[in-house]
Amino acid sequence: MKVQCKKWIVLFSILITSNLLAQHSGAVEDGFNVSDFPKVSFVYHSNNPEVLDKDDFWHLKESGKNLDFDVQLCQDAVVNLPPTILFLWEDMAHNGYEQFDFTKKVLTGFFSSAEISSNDKFAVSVFNRRKNTPSALKDLTNGFTNDKERIISAINGYSHSAEHYSDFPNRSDMYGAVREGMELLASEKTKAIIVFTSGYSMKNSGSDSEVQVLLKAQQLHIPVYIFQYYLKSGVAPEAEGFAKSTFGGFNSYKDATTAVTALKNLYPQISKRYQGHDYKVTFTSNAERGTEARTIVLSVGGDEIQEQLIPPQHTLWSWISTYPWWSILIGVIFVAIIIGALLFICRTKKNASQNQRELQELEQRRIKDKEEAENNRRAMENKARQEYEGKKRKEEEEKLRRLMAVKNLYPRLKCQVGSNSFTYEINSPETSIGREQDNDLILSNDMVSRHHAKIVFNGSAFEILDQKSTNKVIINGCFAERAILRSGDIIGLGEAILTFYL
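Because the structure is predicted, anything quoted here is derived from the model rather than measured. Position numbers for residues count from 1 along each chain, tracking the sequence in the order it is written. Since the coordinates come from a predicted model, pLDDT governs what is reported: local features require at least 70, and pairs of side-chain atoms require 80 or more to be given and counted, while whole-chain, interface and lining totals use all residues. The side-chain quantities take in all heavy atoms of the structure and omit both hydrogens and water.

**Q** How should I be thinking about the confidence of the model for the protein chain in this particular structure?
**A** Each residue carries a pLDDT value, the predictor's own confidence for that position, ranging from 0 to 100. The predicted model of the protein chain averages 83 in pLDDT, with 85% of residues at 70 or higher. The helix and strand labels rest on DSSP assignments: H or I over at least four residues marks a helix, E over at least two residues marks a strand, and numbering proceeds from the N terminus. Highest mean pLDDT in the protein chain belongs to helix α3 (residues 148–156) (95); lowest belongs to strand β1 (residues 28–29) (31). Throughout, a residue-residue contact means that at least one pair of heavy atoms, one from each residue, lies within 4.5 Å. Long-range and interchain partners of residues 1–30, a stretch whose pLDDT sits below 50, account for 23 contacts in this model, where long-range means more than four residues apart.

**Q** Even after reading the chapter, I still don't get helix α4 (residues 174–185), so can you show me in this structure?
**A** Within an α-helix, residues lying three or four positions from one another point in the same direction, as the helix has 3.6 residues per turn. One less than the residue count of a helix, multiplied by 1.5 Å, gives the span that helix is expected to have. With 12 residues, α4 ought to run about 16 Å at 1.5 Å a step, and its terminal C-alpha atoms sit 16 Å apart, in line with that. Each residue is placed in one exposure class: buried if its accessible area under a 1.4 Å probe, protein chains only, is under 20% of its type's maximum, exposed if it is over 50%, and partly exposed if it falls in between. Most of α4 sits out of view: nine of its 12 residues are buried. Of the residues making up α4, those classed as buried are Met174, Tyr175, Gly176, Ala177, Val178, Glu180, Gly181, Met182 and Leu185. Next to the buried residues of α4 lie β8 (84–90), β9 (121–127), β11 (191–197), α5 (210–220), β12 (224–229) and α6 (237–245).

**Q** Got a minute to help me understand the pattern of salt bridges in this structure?
**A** Where side chains of opposite charge bring their charged atoms close, a pairing between them can arise. The salt bridge definition used is simple: a Lys or Arg side-chain nitrogen within 4 Å of an Asp or Glu carboxyl oxygen. Across all of its chains, the model carries 15 salt bridges by this definition. A salt bridge links Lys216 to Glu183; the shortest N-O distance between them is 3.8 Å. Separated by 33 residues along the polypeptide, Lys216 in helix α5 and Glu183 in helix α4 bring together distant segments of the chain. Residue Lys216 is classed as partly exposed on the basis of its relative accessible area, which comes to 27%.

**Q** Help me understand the packing of aromatic side chains in this model?
**A** Where two aromatic rings form a pair, the distance of their centres and the angle of their planes describe that pair. Two aromatic rings from Phe, Tyr or Trp, using only the six-membered ring of Trp, form a pair when their centres are within 6.5 Å; if the ring planes differ by under 30 degrees the pair is stacked, by over 60 it is edge-to-face, and anything between is tilted. The tally for this structure, following the rule as stated, stands at 22 aromatic pairs. Following the ring pairs from residue to residue traces out a cluster consisting of Phe87, Phe110, Phe111, Phe122, Phe196, Phe227, Tyr253 and Tyr267.

**Q** Would you mind showing me how to read the nonpolar core here?
**A** Generally speaking, soluble globular proteins have nonpolar side chains that are buried together. Residues belong to a common nonpolar core when they are buried Ala, Val, Leu, Ile, Met, Phe, Trp, Tyr or Cys residues joined through side-chain atoms within 4.5 Å. One finds Phe87, Trp89, Phe110, Phe122, Ile194, Phe196 and Leu263 to be the most contacted residues of the largest nonpolar core, which totals 34 residues. For this core, the secondary-structure elements that each account for two or more residues are β8, α2 (98–113), β9, α3, β11, β12 and α7 (256–270). Tallying contributions element by element places α7 first for this core, with seven residues. When near neighbours in sequence (up to four residues on either side) are disregarded, Phe196 contacts Phe87, Leu88, Trp89, Glu90, Gln99, Phe102, Thr103, Val106, Leu107, Phe227 and Leu263. Core analysis: the next-biggest nonpolar cluster, separate from the first, contains 26 residues, Leu400, Ile426, Val448 and Ile464 among them.

**Q** Explain the sheet that holds strand β18 (residues 412–417) here, please?
**A** Picture the strands of a sheet paired through backbone hydrogen bonds; they go either parallel or antiparallel. Only strands joined by at least two bridges in the DSSP assignment are considered to pair. Taken together, six strands build an open sheet; the order of strands is β19-β18-β28-β27-β24-β25 and the sheet is antiparallel. Each end of this open sheet is capped by a strand with a single partner; those strands are β19 (420–425) and β25 (478–479). Judged from the six bridges that link them, β18 and strand β28 (residues 496–501) form a sheet pairing that is antiparallel. If you follow Val417 over to β28, its bridge partner there is Ala496.

**Q** Is there a simple way to explain the packing of α4 against α6 in this structure?
**A** Each packed pair of helices is defined by two parameters, the angle between the axes and the distance between the axes. It is at 13 Å that the axes of α4 and α6 come closest, and there the two elements cross at 20 degrees. Classed by the angle they form, the pair α4 and α6 counts as roughly parallel. The interaxial crossing formed by α4 with α6 has right-handed handedness. For the pair α4 and α6, contact is made by Met174, Tyr175 and Val178 and by Glu238, Ala239 and Phe242, respectively. Of the residues in the contact of α4 with α6, the class split is five nonpolar, no polar and one charged. To obtain each axis, a line is fitted to C-alpha atoms, and for helices this fit is confined to the stretch in contact; angles are then taken between N-to-C directions over 0 to 180 degrees. The labels follow the angle: roughly parallel below 35 degrees, roughly antiparallel above 145, roughly perpendicular from 65 to 115, and oblique for the rest. Helix crossings are classified by the rotation of the near helix relative to the far one: an anticlockwise turn of less than a right angle makes the crossing left-handed, while a clockwise turn makes it right-handed. Throughout, the ten residues Ala, Val, Leu, Ile, Met, Phe, Trp, Tyr, Cys and Pro are labelled nonpolar, Asp, Glu, Lys and Arg are labelled charged, and all others, Gly among them, are labelled polar.

**Q** Help me out: how do you make sense of the side chain of Asn439 in this one?
**A** Within the fold, Asn439 resides in the loop between β20 (430–434) and β21 (441–442). Look past the residues within four positions of Asn439 in its chain and what remains in contact with it is Ser432, Ile433, Gly434, Arg450 and His451.

**Q** Explain the packing of α5 against α6 to me, please; I cannot follow it from the model alone.
**A** Contact geometry for α5 and α6: axes closest at 9 Å, N-to-C directions at 20 degrees. One element, α5, and the other, α6, form an angle in the roughly parallel class. Read as a crossing pair, α5 and α6 show a hand that is right-handed. Contact with α5, carried on its side by Glu210, Val213, Leu214 and Gln218, involves Glu238, Phe242 and Ser245 of α6 and no other residues of that element. Counted by class, the contact of α5 with α6 contains three nonpolar, two polar and two charged residues.

In structure tokens, the structure reads:
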């Protein structure tokens, strides 16, 4: 009977272990969640700031065959954060003053009439040609600010560039300026670049590649909005494509008033920044467990993403779901065998267990009595030692107190805590100083530690001791953990200043 029970127990253990290992290795593979196979799900991430509609997901195919699937947005669509906006002002002298005056009117008109949030920050930089200089930008506002008067004054105070270029007169360094602008904005959470340009052809302009700058803008999630002053050259298609690829915008204007209105309408939209979105895609696979990998193709707006789905292996639970009645019958038989084996083992060990428990209880009782006696002895010794030490401390304190009285030593501390001034008289051999209410001298200041220092009388002089404070103890301008105090010494505790008079 015992041998048969052991065989069944070993067999059951092997089945359970193999099932757990199979489930662990086949739970999630290659980004697919197959825990509810044949129902499969995976997460598709898009860097597009716009929330995609289900209609943007065109089809999902498994091994070339279309499958029905469901798409759900995994996160909030919009995060509102205060934006940091950099205006880039292209100033090319050969264009004359039309574009220069246009940009100045738009910027001053915007900052004069728009309702600017106190949390938003702006900067204005001018660019034209880098030539041999290390930077393509000239900072007009001295960094980012929300002071409208300072920005308007900086714009109005800038004079038109007088540089002319005989070689490639219509080439600016817009992409170099945008790249430098992105470096200034890299640490900001929500940011945007607004470029005012003449609209000349930007293809292969300056020293920076359009593709490299575009990739960096997409990686940093910085949209670039281009306001083109419409000249005879017309709309620059490559600049328009560049702006829209950063999820920004492009428009051409001739009238400054119209451009101001457009900029005011754009401004509140910039505060809605996006970091891309995750979409949970769910479908039912036609594959069977244990078969070869399947090619899954998801089409999003015409772009196809291809992944390999590996169907999970057969497990005990999958077999149970396929043959439920056989599983129930085998389970009942197995449980009956286990119960019979357990009852037999329990019956044979009952008497031995009872005797063993009684012996253990006697031993535990003996050990407990011994521990209680030892604890009582230690408690009495500790109490006697504490009473003796307390008595000695009181005698020593009283001795020092009498010595202070005989010598008439009652120093004063002139305290300056912020705008609060007061005098504290030391009339005890030990005076604690700190922010907490349990101190003798309480200094209400956040830079003072809860228990900052204490002043003690050693029988001949007064000493100050640092109590491991955060901002330390400063005596006459020098840090000190322990020092003898002399009349006139200036003590610094955080932002509190104490003068010692004896």
